[in-house]
Amino acid sequence: MALVTDALTYVASALLLVRVEESPPPREETAGRTVRGAVRAFAVEVREGLRTVGAQPTLRALAIIAALTAFGSSFAATTYMIYVSRDLGFPTGTLGMIFALGGFGSLAGAWIVAKLSPRIPVHRLLVAGLFVWAVGSAAAPLAASATLAGALLLCTQQLVGDAGGIAVQITDRTLRQSHTPQTHLARVDASIRTLTHAFTLAGALLSGALAEAFGARPLLFASSALIGVAGVAALVALRGHGRAATTA
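Student: Which parts of the structure should I look at to understand the layout of surface pockets?
Tutor: There is about 820 Å³ of room inside the largest pocket. Taken together, 36 residues line the largest pocket, and the ones lying closest to its centre are T69, A70, S73, W133 and Q169. Among the elements of the structure, α4 (57–87), α6 (122–137), α8 (148–178), α9 (185–214) and α10 (216–237) are those that each provide at least two residues to the lining of the largest pocket. At 11 residues, the largest contribution of residues to the lining of the largest pocket is made by α8. Taken together, the residues of the lining of the largest pocket break down into 15 nonpolar, 15 polar and 6 charged. Roughly 180 Å³ of volume is contained in the second largest pocket. Lining the second largest pocket are F42, E45, V46, L50, R187, A190, S191 and T194. Those elements that place two or more of their residues in the lining of the second largest pocket are α3 (35–55) and α9. Looking at the lining of the second largest pocket residue by residue, the class counts come to 4 nonpolar, 2 polar and 2 charged.

See below:
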């Protein structure tokens, strides 16, 4: 029933999108466009996006941080449910209530960033968010059994880890947009997004093999450690590059 309900939400989203009117693209972008010309134009835009990321120190740092967090997060994505349901043995209903706390954690993280951003530079909030995310995510593998203590550790991971994770997303986008020319926003975003997808795929393949050999718990600790490494990288790389910015 949960899967059916999830599927129906996508159907409802599709029906809502059908009613959205889309403006036609400018005539100069479509007139005389051949397949070869479209591919050539796409390649030019990709190069421009990568060149912009490589030439701007802050964007280059954000790309490295995004790759590290994507790689680390993929470790947890492939092993977390196996660990909490099979290794710890929590029932599905209990896990559902625990996971619901992640929404409150995300809301708290967004609220804290909005309150602190006028007084604290955004790049420092990004660093802090990464370390909070790392510490929060480490709570899950500390749980040893399906007991009250184990449930409290999973709740801590949902509240603290998700608060740090959403803070990272907000501050990353703020820095990315404030250091990118407006004409290159989409190209820069696509370049970094492609990089994160590549590292997510690599991490998923590697973590699956490692989990078979060492189990799910060490992979969750490794995920937390990689996010912590991203925090250290942000602390070093963004020193002197970040500037105070107000989050949107």
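Student: I would appreciate a short explanation of the packing of aromatic side chains in the present structure.
Tutor: Between two aromatic rings, the relevant description is the distance of the centres plus the angle of the planes. A complete count under the given rule lists 3 aromatic pairs for this structure. With a centroid separation of 5.1 Å and an interplanar angle of 55°, the aromatic rings of F71 and F75 are classed as tilted. Of this pair, F71 and F75 both sit in helix α4, 4 residues apart, roughly one helical turn. For F75, a relative accessible area of 5% puts it in the buried group. Judged by centre distance (6.0 Å) and plane angle (45°), the ring pair of Y80 and F99 falls under tilted. Remark: F99 occurs in helix α5 (residues 92–116) and Y80 occurs in helix α4; sequence separation between them is 19 residues. By the ring-pair criterion, three or more aromatic residues cluster together here, those being F71, F75 and F199.

Student: Hey, could you run me through the side chain of S191 in this one?
Tutor: Mapped onto the fold, S191 is located in helix α9. For S191, a relative accessible area of 14% puts it in the buried group. Once residues within four sequence positions are removed from consideration, S191 is found in contact with V46, G49, L50 and V53.

Analysis parameters
- Residues numbered from 1 in each chain as written.
- Predicted model: local features only at pLDDT ≥ 70, side-chain atom pairs only at ≥ 80, totals over all residues.
- Heavy atoms only, no water.
- 1 Å grid on protein atoms, 1.4 Å probe; cavity = no way out; pocket = protein on both sides within 12 Å on 5 of 7 lines; lining within 4 Å.
- Points joined across faces, edges and corners; volume = space filled by probe spheres on them.
- Helix = DSSP H or I, 4+ residues; strand = E, 2+ residues; numbered from the N terminus.
- Nonpolar A, V, L, I, M, F, W, Y, C, P; charged D, E, K, R; others polar.
- Phe/Tyr/Trp six-rings, centres within 6.5 Å; stacked < 30°, edge-to-face > 60°.
- Buried < 20%, exposed > 50% of the residue type's maximum accessible area, 1.4 Å probe, protein only.
- Contact = heavy atoms within 4.5 Å.

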